[in-house]
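Here's the letter readout for the chains.
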Amino acid sequence: MTIEDDHLGKPEDYRNLKDYNETKKWFGKKLEKPHRTFTLTENGIERTFNAFPQGTIWIGGR
């Protein structure tokens, strides 16, 4: 799962302040968990992402 640094947005992007505060709290708690941060540059625009592990998959073999 990846979440951009600008995921939260601005308070005026939300229906009400309560929704903004709930999302801000969720985002803050998510960033406290182990994750990797990487930056991509496309057409001169830099975007920073936070990648969170979602589980483990079995590829095969013993």
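### Digging into the side chain of N50
Within the secondary structure layout, N50 lies in strand β3 (residues 45-51). A polar contact of 2.8 Å, which involves the side chain of N50, links it to the side chain of D5. Side chain to side chain, N50 and H35 meet in a polar contact 3.5 Å long. For N50, the residues in contact, after removing those within four places along its chain, are M1, T2, I3, E4, D5, F27, L31, H35, R36 and T37.

### Digging into the confidence of the model for the chain
Of all residues in the chain, 100% attain a pLDDT of 70 or more, and the chain-wide mean is 91. Averaged over each element, pLDDT in the chain is lowest for strand β1 (residues 2-4) (90) and highest for helix α1 (residues 17-32) (95).

### A few points about the packing of aromatic side chains
Scanning all chains against the criterion turns up two aromatic pairs. Look at Y14 and Y20: their rings are 5.4 Å apart centre to centre, the planes differ by 70 degrees, and that puts the pair in the edge-to-face class. Overall, the relative accessible area of 21% leaves Y14 in the partly exposed class. Residues F38 and F49 carry aromatic rings whose centres are separated by 5.5 Å and whose planes lie at 20 degrees to one another, so their mutual orientation is stacked. Of this pair, F38 sits in strand β2 (residues 36-42) while F49 sits in strand β3; the two residues are 11 residues apart in sequence, bridging distant segments of the chain. In this structure F49 comes out as buried when scored by relative accessible area, which is 12%.

### So, the pairing of β2
Relative to β3, β2 runs antiparallel, the two sharing seven bridges. Residue pairing across strands places L40 opposite R47, the latter belonging to β3. The antiparallel hairpin formed by β2 and β3 contains two residues in its connecting segment, where N43 sits at a positive phi of about 55 degrees.

The rules behind these values
- Residues numbered from 1 in each chain as written.
- Predicted model: local features only at pLDDT ≥ 70, side-chain atom pairs only at ≥ 80, totals over all residues.
- Heavy atoms only, no water.
- Helix = DSSP H or I, 4+ residues; strand = E, 2+ residues; numbered from the N terminus.
- Polar contact = N/O pair within 3.5 Å; in protein donor to acceptor, adjacent residues only side chain to side chain.
- Contact = heavy atoms within 4.5 Å.
- pLDDT = per-residue confidence, 0-100.
- Phe/Tyr/Trp six-rings, centres within 6.5 Å; stacked < 30°, edge-to-face > 60°.
- Buried < 20%, exposed > 50% of the residue type's maximum accessible area, 1.4 Å probe, protein only.
- Pairing = 2+ DSSP bridges.

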